[in-house]
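Inside the fold
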Amino acid sequence: MNKRHAKILDLLTEYKKLEVVKLSDILEVSQVTIRKDLDVLESKGIVIREHGFARLNECDDINIRLAYHYENKQRIAKCAVETISDGETVMIESGSSCALVAQEIAKTKKDVTVITNSAFIADYIRKLGGLKTILLGGEYQNESQVMVGPMIRKCVESFYVDKLFIGTDGFTIESGFTGNNYMRNEAVQDMAKQANKVCIVTDSVKFKQQGVVSLLDVSKINTVYTDEFIPEDMEQYLLSQNIHVCKAK
């Protein structure tokens, strides 16, 4: 993905929907060029075109979500993985940032065991070697490729780990960390009970958004791994709640 494509996605993330004319003005390129860019992004399933406008495809397909702010998420994942030791066992919940955490572990660590409820993550890292993967059972959500439901609770009770890495769909000071899928949020809560430390891994864009259901109480979060663009008031709030904020550089 080139820099202009990434910038288009940033703008659509911020404004939700933009005219081709507006994108052309902001990026200082012709409308023909913007249309060609949108054709490429549409072919990958990342954007949706409609009557002179473009908007993000906001479905829960993790392949699509991985494309948003990919390089930024990679930097955040590297920051998070620095805390993991060779031979450690960690839990990783589903989501694009979490998938990149798993990938970074596979590339840089030895003999780590990853426990996950994400079939996508299990497949994403299977060819990289160096990891033992335990896939928790449950009801399979086809679009997000994640296991949810009561079986997750039964499966995860067999394990205890030092760190659980999770993503989030949004954060506000009033609502805390939120998600968009009730059953996935329940799975996160079940996994969090078996971890000594819960770590949020997310790009700063999520600090401008809000999900529809509560994810975890702020008091249960130990560390937030994000980037340098986290709003200052939100960073200060997290610090006031004794949450460590690690900003990738």
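We now turn to the structure provided with this report. Along every chain, residues carry numbers that run from 1 in the direction the sequence is written. Only residues with pLDDT of at least 70 get local features here, since the model is predicted, and only at 80 or more are side-chain atom pairs given and counted; chain-wide, interface and lining totals rely on the full set of residues. Side-chain figures throughout are based on the complete set of non-hydrogen atoms in the structure, without hydrogens or water.

Digging into the overall build of the chain
We count a stretch as a helix when DSSP gives it H or I for four or more residues in a row; a strand needs E for two or more, and each element gets its number in order from the N terminus. The secondary structure content of the chain amounts to ten helices and 15 strands. It is over C-alpha atoms that the radius of gyration is taken, and the globule rule equals 2.2 Å times the number of residues to the power 0.38. The C-alpha atoms of the chain give a radius of gyration of 18 Å, which matches the 18 Å a tight globule of 249 residues would have. Across its three principal axes, the chain shows a C-alpha extent of roughly 55 × 40 × 35 Å. To sort residues, take the accessible area from a 1.4 Å probe on protein chains only and compare it with the maximum for the residue type: under 20% means buried, over 50% means exposed, and anything in between is partly exposed. Residues classed as buried in the chain amount to 52% of the 249 residues present. Accessible surface for the chain amounts to roughly 11900 Å². Of this, 47% is attributable to carbon and sulfur atoms. When charges are counted, Lys and Arg contribute as positive and Asp and Glu as negative, whereas His and the chain ends are disregarded. Every charge is mapped onto a representative atom, which is NZ of Lys, CZ of Arg, CG of Asp or CD of Glu. In the chain, the 32 positive side-chain charges and the 35 negative ones have mean positions that sit 4 Å from each other. Note on areas: these come from Shrake-Rupley sampling with a 1.4 Å probe, and a residue is covered only by the protein chains present in the view.

Examining unusual backbone geometry
Trans is the prevailing form of peptide bonds, just as negative phi is the prevailing case for residues other than glycine. With a phi close to 60°, E28 is a non-glycine residue in the positive phi region. Of note in the backbone geometry, N242 takes a positive phi value of approximately 65° without being a glycine. Among the secondary structure elements, N242 is positioned in the loop between helix 10 (232-240) and strand 15 (244-248).

Description of the state of the cysteines
What counts as a disulfide here is a pair of cysteine sulfur atoms lying within 2.5 Å. Under the counting rule described, the total for this entry stands at one disulfide. Here C79 is linked by a disulfide to C246, with a sulfur-sulfur distance of 2.5 Å. Separated by 167 residues along the polypeptide, C79 in helix 5 (residues 70-81) and C246 in strand 15 bring together distant segments of the chain. With respect to burial, C79 and C246 carry one shared label: buried. C155 takes part in no disulfide bond, and the closest cysteine sulfur to it belongs to C98, at a distance of 19 Å.

A word on helix 1 (residues 3-15)
Expected span of a helix: the number of residues minus one, times 1.5 Å. Over its 13 residues, helix 1 extends 18 Å from the first C-alpha to the last, a length consistent with the 18 Å expected when each residue adds 1.5 Å. Three or more residues of helix 1 are buried, namely H5, I8, L9, L11, L12 and T13. In the stretch just after helix 1, K16 is the one whose phi turns positive, near 75°.

As for the packing of aromatic side chains
Working definition: a ring pair exists when centres of Phe, Tyr or Trp rings (six-membered ring for Trp) sit within 6.5 Å. Plane angles under 30 degrees give stacked, over 60 give edge-to-face, the rest tilted. What the rule picks out here adds up to five aromatic pairs. Taking 4.6 Å as the distance between ring centres and 45° as the angle between the ring planes, the aromatic pair formed by F171 and F177 counts as tilted. An angle of 40° between the planes, with centres 6.3 Å apart, marks the rings of F171 and Y237 as tilted. With a gap of 66 residues between them, F171 in strand 10 (residues 170-172) and Y237 in helix 10 connect regions that are remote in the sequence. On the basis of relative accessibility, which here comes to 22%, the residue Y237 falls in the partly exposed class. Here the aromatic cluster, defined as three or more aromatic residues joined through ring pairs, consists of F171, F177, F207 and Y237. Only when the NZ of Lys or the CZ of Arg is both within 6 Å of the ring centre and within 35 degrees of the ring normal is a charge said to sit over the ring. Above the plane of the ring of F53 lies K17, whose end atom (NZ or CZ) is 4.8 Å from the centre.

Looking at the sheet that holds strand 2 (residues 47-50)
Strand pairing follows a simple DSSP-based rule, namely that at least 2 bridges must link the two strands. The antiparallel open sheet is built from three strands, whose spatial order is 1-3-2. A strand with exactly one partner marks an edge of an open sheet, and here the two such strands are strand 1 (17-19) and strand 2. Across the sheet, the axes of successive neighbouring strands diverge by a mean angle of 25°, strand direction being ignored. Direction of pairing for strand 1 relative to strand 3 (residues 53-56): antiparallel, over a ladder of three bridges. Bridge pairing links L18 to A54 in strand 3. Along the sheet face, helix 3 (residues 31-43) touches strand 2 and strand 3 and points at about 125° away from the line of strand 2. Inter-axis angles, ranging from 0 to 180 degrees, are taken between N-to-C directions of lines fitted to C-alpha atoms, where helices are fitted over the stretch in contact. Throughout, a contact is declared for two residues whenever any of their heavy atoms are within 4.5 Å.

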